[in-house]
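Below, each chain spelled out in residue letters.
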Amino acid sequence: MAAWCSGDSSTKPIFVGIYGAVLGGFAVSALFFLLSSFSSLSAPPLPLPSAATATTAVTANLSRPNPSQPETMYNRPIWKPPPRGSRMPSPRAFRLTREMVAARARGGAIVVTFGNYAFLDFILTWVRHLTDLGFDNLLVGAMDTKLLRELYLRGVPAFDMGSRMATEDAGWGSPTFHKMGREKVLLINALLPFGYELLMCDTDMVWLKNPLPYLARYPDADLLTSSDQVIPTVTDDSLENWREVSGAFNIGIFHWRPTEPAKRLAKEWKDLVLSDDKLWDQNAFNDLIRKNFGNPVEGQGDLVYSYDGKLKLGVLPASIFCSGHTYFVQGMYKQLHLEPYAVHTTFQYAGTEGKRHRLREAMLFFDQPSYYDSAGGFLSFKPSIPKSLLLDGAHNVESHFALVNYQLKQIRTALAIASLLKRTLVMPPLWCRLDRMWFGHPGVMEGTLTRQPFLCPMDHVFEVHVMLKDLPKEEFGPPIDFREYSFLDNPSLPKEVKESLLEVQLCDDRSSRCSSINGTNKHRPLLLPRNSTEEKLLNIFSSYKSVKIIQFSSMVDAFGGFADAAVETKFRNRVKRYVGLWCCVELREIGHIYYDMYWDEKPGWKPHPPETREQDHPPWS
């Protein structure tokens, strides 16, 4: 392990102490590579463009390597896989070294992220956004050998962090989560001595615009960090007014220069997180930064002295280096007429699945081609919301739940029809009147630019991670696949899927129009009686199994109910768990209110928080 941090001899005693026990794991890794080298390597199908088809525009900050240099795994163009039939390089080739970083750095800068195999799709999305912007000065740290092999085969420059991390997702706050945080701190300490500017990123963010020219505007800053600030302190693209920043500094996006103050901070941060394996790396960072904080840098009032009184810090504007709140909820950059550089999927409520879904909603996630097709096809509908529910009256708990409940009833019907027809439901856009937080608030946080009503992320209402769980069919019936509301507008959706469309209009069963013959004109919508039975739906749509998209004009009274009571019970058990809670009423010990998929079947239902702890449970019964 010392080999990949050899640039900083002061770290060796600590690294030996922490990673001495990992030498056995390294031997296992060596065996893995040795065994793999006996078989030919072939890259998996790439859902991402090759280097030849990626965007070629490169800013003045980025210079290409000398074309006369021989091509190696260190300087090979991104997305160019290794030659077919070649063998996996030895583990030594994947150690992080000064030479590896020098081969990839451009203009004295390197962009780095890291993760384990559970985040492969996030990492590929992260790399794809950067290469589309013309970047090739990037490296990915692999925390397990499975990810390292996959990245190598796909032509993504990667190095072995020696972490021997499990390949599964690490839940927030878990021991593995904290271990990943410590690995980030160790990685920064390993990279800074190499002498390059370091743009360190989490994998759950994407770049939308080249940030290097922006960062170059502040050459005297030792450190530029993002934050959890949700109230704008500036209205242009300048750094946040650090005097008014109340949100925590967020270490998901930050830029380090290899200065002595930055190195001292990195080392003390490392020592701190290694002393307590339960300490959250971001809290430790904030504590250190604010130890000696508050003196402006003379002549550069947007920078502040911090940490030891010598480190010059700038806070990146949350309007364009966006958090999950300023981008997905407030749309702050739109309201201030600015162009965002990045979006980090913070401020959300459904774990990794929720982060992935938010990026999909914004059409910023790159999925495998199979995601854009489905054996059973898709089902979508045009939501109908009365103006009175969306716009009239005060924005309060009652009007918020009235609006959301009206939408829930339509989505419930759509889920039932999708389940019946074995189709994937394309969720509708979801409107909210009130924001969601982890604490009591007056509907939206004061000072934010959140408009009411607003298009809210799906995880504000739905438990996205629960919807994706493999629930037992015996109790919950068959799974119901779903897609984000923007799915049909995604440029990645194949033309043959998009054009295979059947429009369905609801009609009154007693009207002469509804009794007209269907199917005589393929350009006319199919007419479907309201409250159609299960039998009628199955009979009508059995002729359209080859159609990729069935789009209903409405879901209001579209389905009369399941014929089999046991099937309906299982469906109810499933969809009741799909919804979460709204949080939170101010000045209440229990201030959250559960959403209820079957609110309309409970006379007198009101959006009130639980009165007692005994009443505080989801409405699943």
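What this report covers is the structure whose coordinates are included nearby. Because the structure is a prediction, the values reported are computed rather than measured.

We now examine the pairing of strand E10 (residues 311–315). Most of E10 is tucked away, with 4 of its 5 residues classed as buried. Bridging between strand E6 (residues 223–227) and E10 involves 3 bridges; their strand directions are parallel. Note on E10: the bridge partner recorded for Leu223 is Leu313. When strand E9 (residues 300–306) meets E10, the two strands line up antiparallel, connected through 3 bridges. Considered in E10, the bridge of Tyr305 is made with Lys312. Hairpin connection from E9 to E10: 4 residues lie between these consecutive antiparallel strands, with Tyr307 at a positive phi of about 60°.

Packing of helix H8 (residues 260–275) against helix H9 (residues 281–289) leaves a shortest axis separation of 10 Å and a crossing angle of 130°. With respect to H9, the element H8 is oriented oblique. For H8 against H9, the interelement crossing comes out right-handed. Contacts between H8 and H9 involve Leu265, Glu268, Trp269, Leu272 and Val273 on the former and, on the latter, Asp281, Ala284, Phe285, Leu288 and Ile289. Grouping the constituent residues of the contact of H8 with H9 by class yields 8 nonpolar, no polar and 2 charged.

With 12 residues, helix H19 (residues 565–576) extends 16 Å from end C-alpha to end C-alpha; this agrees with the ideal 16 Å at 1.5 Å per step. Those residues of H19 that are buried lie in contact with helix H14 (397–421) and helix H16 (473–476). Its side-chain oxygen 2.8 Å from the backbone nitrogen of Ala566, Asp564 forms the N-cap of H19.

Our focus in this paragraph is helix H5 (residues 145–154). In terms of burial, H5 is largely enclosed, as 8 of its 10 residues are buried. Here H5 has its buried residues at Thr145, Leu147, Leu148, Glu150, Leu151, Tyr152, Leu153 and Arg154. Its side-chain oxygen at 3.1 Å from the backbone nitrogen of Lys146, Asp144 defines the N-terminal cap of H5. Gly155 lies just past H5 and shows a positive phi near 80°.

So, about the nonpolar core. Counting 56 residues, the largest nonpolar core has Val111, Trp126, Val127, Leu151, Trp207 and Tyr214 as its most contacted members. With 7 residues, the top contributor of residues to this core is helix H4 (residues 120–132). If we skip the residues at most four places from it in the chain, Leu151 touches Leu120, Ile123, Leu124, Val140, Val156 and Ala158.

Moving on: the state of the cysteines. On inspection of all chains with the given rule, the structure shows 3 disulfides. Each sulfur in the disulfide pair Cys507 and Cys514 lies 1.9 Å from the other. Handedness here is read from the sign of the S-S torsion; for Cys507 and Cys514, about 55°, the answer is right-handed. Neither residue differs from the other here; Cys507 and Cys514 are each classed as buried. Note that Cys583 is cross-linked by a disulfide to Cys584, the S-S spacing being 1.4 Å. One quick way to see it: the torsion about the S-S bond of Cys583 and Cys584 is about -65°, and its sign makes the bridge left-handed.

On inspection of all chains with the given rule, the structure shows 30 salt bridges. Between Asp136 and Arg106 there is a salt bridge; the shortest N-O distance is 3.1 Å. Pair noted here: Asp136 is in the loop between H4 and strand E2 (138–142) and Arg106 is in the loop between helix H3 (98–104) and strand E1 (109–115), with a separation of 30 residues, a long-range link. An identical accessibility class is assigned to Asp136 and Arg106; each is buried. Note that Lys387 is salt-bridged to Asp392, the shortest N-O span being 2.7 Å. Exposure remark for Lys387: the relative accessible area of 53% places this residue in the exposed category. Connected via shared salt-bridge partners are Glu71, Arg76 and Lys80.

Counting across every chain of the model gives 29 aromatic pairs. Here Tyr372 and Phe487 contribute two aromatic rings whose centre-to-centre distance is 5.9 Å and whose plane-to-plane angle is 10°, an arrangement assigned as stacked. Here Tyr372 is found in the loop between helix H12 (351–361) and strand E13 (378–381), whereas its partner Phe487 is found in the loop between strand E17 (482–483) and helix H17 (495–498), with 115 residues between them in sequence. A relative accessible area of 3% means that Tyr372 is categorised as buried. Residue classification places Phe487 among the buried residues on the basis of a relative accessible area of 0%. The ring of Phe366 carries the charged tip of Arg128 above its face, separated from the ring centre by 4.0 Å. Directly above the ring of Phe293 sits Arg290, whose terminal nitrogen or CZ lies 4.8 Å from the centroid.

Reading guide: rules and limits
- Residues numbered from 1 in each chain as written.
- Predicted model: local features only at pLDDT ≥ 70, side-chain atom pairs only at ≥ 80, totals over all residues.
- Heavy atoms only, no water.
- Buried < 20%, exposed > 50% of the residue type's maximum accessible area, 1.4 Å probe, protein only.
- Helix = DSSP H or I, 4+ residues; strand = E, 2+ residues; numbered from the N terminus.
- Pairing = 2+ DSSP bridges.
- Axes fitted to C-alpha atoms, helices over the stretch in contact; angles between N-to-C directions.
- Parallel < 35°, antiparallel > 145°, perpendicular 65-115°, else oblique.
- Left-handed = near helix turned anticlockwise from the far one by under 90°.
- Contact = heavy atoms within 4.5 Å.
- Nonpolar A, V, L, I, M, F, W, Y, C, P; charged D, E, K, R; others polar.
- Expected span 1.5 Å × (residues − 1).
- Polar contact = N/O pair within 3.5 Å; in protein donor to acceptor, adjacent residues only side chain to side chain.
- Core = buried A, V, L, I, M, F, W, Y, C linked by side-chain atoms within 4.5 Å.
- Disulfide = S-S within 2.5 Å.
- Salt bridge = Lys/Arg side-chain N within 4 Å of Asp/Glu carboxyl O.
- Phe/Tyr/Trp six-rings, centres within 6.5 Å; stacked < 30°, edge-to-face > 60°.
- Lys NZ or Arg CZ within 6 Å of the ring centre and 35° of its normal.

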